[in-house]
Amino acid sequence: MKTIIHLLGVLILISSCTRKNTDSTAIDFEKEKAAIQAVIAKETESYYKQDFEGWKSTYLQSSAFRKFGYWEGYPEKVVSYIGFEPLAAEKKKQFDANETLWVGSTEERSNENFRITKDMAWYTFEQDSYEKDTRKFLGKSLETRILEKENGEWKIAYLAFHYYPMPAEKK
């Protein structure tokens, strides 16, 4: 009987801790969503301004970072980066040489989907890119970002994009 009472006590304690833990991890979805969108916007703006430090600050700078992308405009069509350092080295060189693609373009995101937990989130969307002044269509892509919180700030831990092939009449 003592064993049963002891087990019941342990189960009640575990149940109580679980409930408290769940309550303490509640998140403000809209606040976190806005913070994630701000990081994505900062990454894009910093890229086009060739602001290396601003761009770099939006990423998880570790060996856990991943980037995978497809664009028919790349000679190799597919790019991949395992760890942040190879990507940072390439972007630093690109920014220093003033070789950023689509400088000043505008992006419109649609079909956004967010999944957000306390320290990790994923965000998928479709993106249309246009020249800023002429509104010439540059491309449509399917995008994925996985973000992690580092010191209370969202950082891009995984970036993926897949550009649709351009119709012949728009090239």
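Scroll up to find the structure this text is about.
Analysis parameters
Residues numbered from 1 in each chain as written. Predicted model: local features only at pLDDT ≥ 70, side-chain atom pairs only at ≥ 80, totals over all residues. Heavy atoms only, no water. Helix = DSSP H or I, 4+ residues; strand = E, 2+ residues; numbered from the N terminus. Buried < 20%, exposed > 50% of the residue type's maximum accessible area, 1.4 Å probe, protein only. Pairing = 2+ DSSP bridges.

Asks: Could you clarify how one ought to interpret unusual backbone geometry in this entry?
Replies: Glycine aside, the phi torsion of most residues is negative, and most peptide linkages are trans. Within the chain, Arg-135 stands out as a residue other than glycine whose phi angle is a positive 65°. You can see Arg-135 is positioned in the loop between strand E4 (120-130) and strand E5 (137-150). We classify Arg-135 as partly exposed; its relative accessible area is 41%. In this model, Asn-151 sits at a positive phi of 50°, which is unusual for a non-glycine residue. Along the chain, Asn-151 turns up in the loop between E5 and strand E6 (153-163).

Asks: Is there a simple way to explain the pairing of E5 in this structure?
Replies: In summary, the side chains of a regular strand alternate between the two faces of the sheet. In terms of strand pairing, E4 meets E5 through 11 bridges, oriented antiparallel. Residue pairing across strands places Ala-121 opposite Leu-147, the latter belonging to E5. With antiparallel pairing between neighbouring strands as the criterion, E4 and E5 make up a hairpin whose turn holds 6 residues, including Arg-135 at a positive phi of roughly 65°. With 10 bridges connecting them, E5 and E6 associate as antiparallel partners. Each bridged residue has a counterpart across the sheet, and for Glu-148 the counterpart in E6 is Lys-155. Connecting E5 to the antiparallel partner E6 that follows it, the hairpin turn spans 2 residues, and Asn-151 within it adopts a positive phi of roughly 50°.

The quantities given are spatial measurements derived from coordinates; they are silent on function.
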